[in-house]
Amino acid sequence: MRSAIPIVLTALALLATGCGSGAPGPGSATAAPPGTAVPQRPRDVAAHTVPACELLTSAQQGEFRVSRIEPGPTDGSQDPWCAYVVGPAGHRFVLTPWAGAGIESWLGISSARAALIGVAGFPAARVSSAAGRGAPCGVHISVAEGRTLAVTGTATRPGIGEDELCGLTERMAGAALATALSRAR
């Protein structure tokens, strides 16, 4: 099984720190009660067949004002990932078609705030720190059994609140899912 270092690091960061005000804003996702069943996906998507650095089209990159793309390792030691840096706004988004687990594992983290949300009709887990300040925000979309399209947003400058970061991460996840839906084999 390939290492999932970016995802594990994100989970550890979420467990150790926090991000933003800690109070959900209007329209924010709410935590799913324990034992909540994850809704079915409209269909399976082979997101892993789209190279991670091609999950955002050039038009989408322009919309998000991506200034730099940082490819992850290509040696097969990890699930492939790609970082999209948005500058000077101060955001970094890591996109990973991940085969490590389904979204159920994210909804069960007791030391993080996890909420069941929807992204373009697909069930997803929005995960942020229980502490509510300073950590990444993750959106993990259920694209197939045991597979997610994971997008982790990180603020690269101070002053970005959780609601802003998680909202941008959800938008980025929706854009990546749209690309995967149109290009997956």
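The coordinates are above.
Now for a look at the structure at hand. Keep in mind it's a predicted model, so treat the numbers as computed, not measured. (Residues numbered from 1 in each chain as written. Predicted model: local features only at pLDDT ≥ 70, side-chain atom pairs only at ≥ 80, totals over all residues. Heavy atoms only, no water.)

### Description of the overall build of the protein chain
Rule in force here: Numbering of helices and strands runs from the N terminus, with a helix taken as a DSSP run of H or I at least four residues long and a strand as a DSSP run of E at least two residues long. For each residue, the accessible area found with a 1.4 Å probe, counting protein chains only, is set against the maximum for its type, and the residue is called buried under 20%, exposed over 50%, and partly exposed in between. Using a 1.4 Å probe, the Shrake-Rupley method yields the accessible areas, and only the shown protein chains count as cover for residues.
Across its full length, the protein chain holds four helices and seven strands. From first element to last, N terminus to C terminus, the protein chain shows the α and β order α-α-β-β-β-α-β-β-β-β-α. The buried share of the protein chain, taken over its 185 residues, is 46%. Summing over all exposed atoms, the protein chain offers an accessible surface of approximately 8,600 Å²; the carbon and sulfur share of this is 56%.

### Regarding the pattern of salt bridges
Put simply, the rule reads: The working definition used for a salt bridge is a side-chain nitrogen of Lys or Arg within 4 Å of a carboxyl oxygen of Asp or Glu.
Within the structure shown, the criterion is met by eight salt bridges. Across the pair Arg183 and Glu54 runs a salt bridge, and its minimum N-O distance is 2.8 Å. Of the two residues, Arg183 sits in helix 4 (residues 162-183) while Glu54 sits in the loop between helix 1 (5-16) and helix 2 (58-64), which places them 129 residues apart along the sequence. With a shortest N-O distance of 2.2 Å, Arg113 and Glu162 are connected by a salt bridge. Note that Arg113 is positioned in strand 4 (residues 112-119) and Glu162 in helix 4, a separation of 49 residues in sequence. The partly exposed category is assigned to Arg113, whose relative accessible area is 26%. Overlapping salt bridges bring together Arg113, Arg126, Glu162 and Glu170 as one network.

### Things to note about the state of the cysteines
Among covalent bonds in proteins, the disulfide is the one between the sulfur atoms of two cysteines. Put simply, the rule reads: Cysteine sulfur atoms are paired as a disulfide whenever they fall within 2.5 Å.
Here the structure, examined in full by the defined rule, presents two disulfides. Disulfide pairing places Cys137 opposite Cys166 at an S-S distance of 2.1 Å. Disulfide Cys137-Cys166: the torsion about the S-S bond is 120 degrees, which places it as right-handed. Linking Cys137 in strand 6 (residues 137-144) with Cys166 in helix 4, this pair joins segments that are 29 residues apart in sequence. Disulfides within the protein chain link the bonded cysteines, taken in sequence order, as 1-2, 3-4.

### Points about the sheet that holds strand 4
Filter applied, for reference: Paired strands, in this sense, are two strands between which DSSP finds at least two bridges. Helix axes use the C-alpha atoms of the stretch in contact, all axes being lines fitted to C-alpha atoms, and the angles between their N-to-C directions lie in the range 0 to 180 degrees. It only takes one pair of heavy atoms within 4.5 Å for two residues to be counted as in contact.
Read across the sheet, seven strands follow the order 1-2-3-7-6-5-4 without closing on themselves; strand pairing throughout is antiparallel. On the outer flanks of this sheet lie strand 1 (66-71) and strand 4, each paired with one strand and no other. Each strand of the sheet is rotated relative to its neighbour by a mean of 20 degrees, with strand direction disregarded. Taken together, the four bridges between strand 5 (residues 122-129) and strand 6 define a ladder with antiparallel strand orientation. Note on strand 6: the bridge partner recorded for Val127 is Gly138. The sheet strands contacting helix 4 are strand 3 (91-98), strand 4, strand 5, strand 6 and strand 7 (147-155), and the helix crosses strand 7 at an angle near 145 degrees.

### Some points on the nonpolar core
The condition is simple: Nonpolar core, defined: a set of buried Ala, Val, Leu, Ile, Met, Phe, Trp, Tyr and Cys residues in which side-chain atoms within 4.5 Å join the residues together.
Leu55, Leu95 and Ile141 are the most contacted members of the largest nonpolar core, which has 30 residues in total. If you list the elements that add at least two residues to this core, you get strand 2 (82-86), strand 3, strand 4, strand 5, strand 6, strand 7 and helix 4. With seven residues, helix 4 is the largest single contributor of residues to this core. Those residues in contact with Ile141 that lie beyond four places of it in its chain are Ile103, Val119, Phe122, Pro123, Ala124, Arg147, Thr148, Leu149, Ala173 and Leu177.

### Some points on unusual backbone geometry
Its identity is not glycine, yet Arg65 carries a phi of approximately 60 degrees, on the positive side. Mapped onto the fold, Arg65 is located in the loop between helix 2 and strand 1. Using a relative accessible area of 64% as the deciding quantity, one classes Arg65 as exposed.

### Some words on the packing of aromatic side chains
The condition is simple: Classification of ring pairs rests on two measures: the distance between centres of Phe, Tyr or Trp rings, Trp counted by its six-membered ring, which must be within 6.5 Å, and the angle between planes, read as stacked under 30 degrees, edge-to-face over 60 and tilted in between.
Scanning the model with the defined rule gives one aromatic pair in all. Judged by centre distance (6.2 Å) and plane angle (55 degrees), the rings of Trp98 and Trp106 are tilted. Trp98 sits in the buried class, given a relative accessible area of 9%.

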